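Listed here are the chains, written in short residue letters.
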Amino acid sequence: MTKAVNPDVKEKAPVEAAAEKKAPVKKAAEKAEKKPVKAAPKAEDAVYIQFGEGEWEASQLAAQAKAAYVAEGHRASSIKSFRLYVKPEERKAYYVVNDKSTGSIEF
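Residues numbered from 1 in each chain as written. Predicted model: local features only at pLDDT ≥ 70, side-chain atom pairs only at ≥ 80, totals over all residues. Heavy atoms only, no water.

Colleague: Hey, could you go over the pairing of strand β5 (residues 101-106) for me, with residue numbers and the actual values?
Modeller: For strand β4 (residues 92-97) and β5, the ladder comprises six bridges, and the chain directions are antiparallel. Counterpart to tyrosine 95 in the pairing with β5 is glycine 103. Counting the residues in the hairpin turn of β4 and β5 gives three residues, including asparagine 98, whose phi is positive at 55°. (Pairing = 2+ DSSP bridges. Helix = DSSP H or I, 4+ residues; strand = E, 2+ residues; numbered from the N terminus.)

The following block contains the structure:
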């Protein structure tokens, strides 16, 4: 018995058939996705207040104001909200803690 051959369908050469059976080659992008990504170091923010000949860092003024609040007999753990108003022309910073307690520090 002879096999009917369709002239429109070409048989694949043995080399082409073997190439199709091989696993696809991994791309460089796929390899890069598997590598762990290192996180960029966090940028450190700082706010400086300059007036006349002086310069003060806002975080240091805030720390001093919180220390003054604690020195008044309050607990540091009781601070839920904290606002600091800096008036460099007076060389003072005014603070409000928990929308109730107020005070000031000189710098």
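Moving on, there is more to tell.
Colleague: Tell me about the pairing of strand β1 (residues 48-51), and please be specific about residues and values.
Modeller: As paired elements, β1 and strand β2 (residues 54-57) share four bridges and run antiparallel to each other. The residue bridging glutamine 50 from the neighbouring strand is glutamate 55, located in β2. The turn linking β1 back onto β2 is made up of two residues, and glycine 52 within it adopts a positive phi angle of 60°.

Colleague: Please provide a residue-by-residue account of the packing of aromatic side chains, values included.
Modeller: A complete count under the given rule lists two aromatic pairs for this structure. Measuring from centroid to centroid gives 4.7 Å for tryptophan 56 and phenylalanine 107, while their planes differ by 70°, and the two rings are edge-to-face. Linking tryptophan 56 in strand β2 with phenylalanine 107 in the segment after β5, this pair joins segments that are 51 residues apart in sequence. Since its relative accessible area comes to 14%, tryptophan 56 is described here as buried. (Phe/Tyr/Trp six-rings, centres within 6.5 Å; stacked < 30°, edge-to-face > 60°. Buried < 20%, exposed > 50% of the residue type's maximum accessible area, 1.4 Å probe, protein only.)

Colleague: Please provide a residue-by-residue account of the environment of leucine 84, values included.
Modeller: Position of leucine 84 relative to the elements: it lies in strand β3 (residues 82-87). Placed 18 residues apart in sequence, leucine 84 and lysine 66 show a C-alpha to C-alpha distance of 9.7 Å. Dropping the residues within four chain positions of it, leucine 84 is found in contact with Ala58, Leu61, Ala62, Ala65, Ala93, Tyr94 and Tyr95. (Contact = heavy atoms within 4.5 Å.)

Colleague: Any details on unusual backbone geometry? Residues and values, ideally.
Modeller: Notably, arginine 91 is not glycine yet its phi reads approximately 55°, a positive angle. By secondary structure assignment, the location of arginine 91 is in the loop between β3 and β4. Despite not being glycine, aspartate 99 shows a phi value in the positive range, around 55°. A relative accessible area of 53% places aspartate 99 in the exposed class.

Colleague: Summarise the nonpolar core; cite the residues concerned and give the values.
Modeller: Counting residues in hydrophobic clusters, the biggest one holds seven residues: Ala65, Tyr69, Ile79, Ala93, Tyr95, Val97 and Ile105. Those elements giving two or more residues to this core turn out to be α3 (58-71) and β4. Among the elements that make up this core, the one with the highest residue count is β4 (three residues). In this view, isoleucine 79 contacts Lys66, Tyr69, Val97 and Asn98; residues no more than four positions away in its chain are not counted. (Core = buried A, V, L, I, M, F, W, Y, C linked by side-chain atoms within 4.5 Å.)

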